[in-house]
Amino acid sequence: LVASSRLQSGVGLVWGPTCIKDRPKRDRDADFQASSEHPGMREKFEPVVKSMGDEELVRQVAQGDGRALAELYYRYSRPVYATGVRLLGDAHMAEELVQDAFTNVWQRAASFDPNRASFATWLYRVTRNRGVDLARRRRVRPQSAGEAQLRAISGGPEPEASVDGWDVARALSRIPEGHREVLTLAYFEGLSQREISRRTGVPLGTIKSRTTAALKRLHQSLLNPGAEEVQRG
Amino acid sequence: VAEDRFEELVGPYLLGELTVEEERKLERHLEVCSGCRRALDSAQPTHNLLRQLAANEPPAELKDQVLVRARGQILTQPWVRWGFWVTTAAALLIAAGFGVGVFRTITGDSSVTVPLTATSWLPRLEARSRQRRSGRTFRSSWKCGRYPNSRTMSITRCGTTSKMAAESAAGPSRWDQRAGRL
């Protein structure tokens, strides 16, 4: 809980000699509109949905909020899809798994207990179970679903050696919204720093420094994953 | 680029977003600044992880399919499912009540309740005879309260309601006699 509070409150943003200042909240809350040039881009969501934590979003989903489900999809569809490709060895079946998993989230959101596991852990279990069911139905021999198989990302002695897409997605969902925004626009939607500046209305210099600060913050979040989580696995 | 701003350029540098001039100056700075080199070494794996996660992007149209499918599953949510069955049961109940009402309106409720009076044959009689018409047949049932061993008699007889009532009021009839033998 302490670690989570620290991450959420923005303490620890100082990296090296330069302190990165967040832009005002009203700027960070600025909506952005989906562009036809970027079909994968997020729809225009209410700022309150974008700034919610995973667990709060699940509560909203349990009340029938489709925007909350869309936000969770935006945050976690990549690791679900990657897990599907690894488990099933087929892109089409992985897409079916993504549909199954998020439909399951929609149906079973009310049964999610944040005291037992994080949303990422819960969704991983759902994905794994649905993936095995799907493989059985399609008579596909599932690939090993062991943790080692799912965690083969980025070699080297760094902590990231044992990190997978699920950890990155979860860490991303826990960093401040302004940092998450600049990273998702740059890495997932492929916008240049100048395009991000135009999109968000934030000066280009601030976007550059914020990108660096966001990478640093994400690194810290990956080093301290789920300290508040009571139970995992 | 000011010396104290070099470190802020690490992120754009990894993304390939610096101008040629900025990149050249930063690389020259990295050769002499261990703090900025550590910052770059620290950011590099995180940058790689984000790149790898971005490479797992599912097809863009899948999102709409997921949301449409989820909304189509709304009836399977527990509270919605419970509400659905309650609504269905209520609707069936209303429909059944309406059907009975229509049936009774068409056929008419012909039941007549006639009080029976005590006679010398049945001095303690406190009973009512309920007669229901079904076509030309009357189904008459008697309930005799003061006789412990009495039971409901069911007698089928053809005739009119008024005629049967008149028989009951006229005195001991063969029906009364029959009841007295109970």
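Provided above is the structure to which this section pertains.
Draft legend 1. Main features of the packing of helix 5 (residues 66–88) of chain A against helix 7 (residues 119–137) of chain A. All names here are of chain A. Relative to each other, helix 5 and helix 7 sit at 40°, their axes nearing to 10 Å. Relative to helix 7, helix 5 is oriented so that their crossing is right-handed. Where helix 5 approaches helix 7, its residues Leu72, Tyr76, Val80, Thr83, Leu87 and Leu88 are matched on the opposing element by Phe119, Ala120, Leu123, Thr127, Arg128, Gly131, Leu134 and Ala135. The class makeup of the residues in the contact of helix 5 with helix 7 is ten nonpolar, three polar and one charged.

Draft legend 2. Structural context of the nonpolar core. Counting 35 residues, the largest nonpolar core has A:Leu183, A:Tyr187, A:Phe188, A:Leu218 and B:Leu50 as the members making the most contacts within it. Going through the elements one at a time, helix 9 (165–174), helix 10 (177–188) and helix 12 (204–223) of chain A together with helix 1 (10–14), helix 2 (20–30) and helix 3 (34–54) of chain B are the ones with two or more residues in this core. The leading source of residues in this core is helix 3 of chain B, at eight residues. In this structure, A:Leu183 is in contact with A:Leu172, A:Ile175, A:Phe188, A:Thr211, A:Ala214, A:Leu215, A:Leu218 and B:Leu50, ignoring residues within four places of it in sequence.

Draft legend 3. A look at the packing of aromatic side chains. Residues and elements named next belong to chain A. One pass over the full model with this rule turns up seven aromatic pairs over all chains. Ring plane angle 70° and centroid distance 5.2 Å describe the contact between Tyr76 and Phe119, whose orientation is recorded as edge-to-face. Here Tyr76, found in helix 5, pairs with Phe119, found in helix 7; they are 43 residues apart in sequence, far enough to count as distant. We note that Tyr76, like Phe119, is buried. With a centroid separation of 6.3 Å and an interplanar angle of 85°, the aromatic rings of Phe112 and Phe119 are classed as edge-to-face. The residues Phe112 and Phe119 share a single accessibility class, namely buried. One aromatic cluster is present, formed by Tyr76, Phe112, Phe119, Trp122, Tyr124 and Trp166 through successive ring pairs. Sitting over the face of the ring of Tyr74, Arg78 holds its NZ or CZ atom 5.1 Å from the ring centroid. Over the ring of Phe188 we find Arg78; its NZ or CZ atom is 3.8 Å from the centre of that ring.

Draft legend 4. Structural context of helix 12 of chain A. With 20 residues, helix 12 of chain A extends 29 Å between its outermost C-alpha atoms, agreeing within 8% with the 28 Å of an ideal straight helix rising 1.5 Å per residue. Of all 20 residues making up helix 12 of chain A, 16 are buried, and the element is well covered by its neighbours.

Basis of the calculations
- Residues numbered from 1 in each chain as written.
- Chains lettered and ligands numbered in written order.
- Predicted model: local features only at pLDDT ≥ 70, side-chain atom pairs only at ≥ 80, totals over all residues.
- Heavy atoms only, no water.
- Axes fitted to C-alpha atoms, helices over the stretch in contact; angles between N-to-C directions.
- Helix = DSSP H or I, 4+ residues; strand = E, 2+ residues; numbered from the N terminus.
- Left-handed = near helix turned anticlockwise from the far one by under 90°.
- Contact = heavy atoms within 4.5 Å.
- Nonpolar A, V, L, I, M, F, W, Y, C, P; charged D, E, K, R; others polar.
- Core = buried A, V, L, I, M, F, W, Y, C linked by side-chain atoms within 4.5 Å.
- Buried < 20%, exposed > 50% of the residue type's maximum accessible area, 1.4 Å probe, protein only.
- Phe/Tyr/Trp six-rings, centres within 6.5 Å; stacked < 30°, edge-to-face > 60°.
- Lys NZ or Arg CZ within 6 Å of the ring centre and 35° of its normal.
- Expected span 1.5 Å × (residues − 1).

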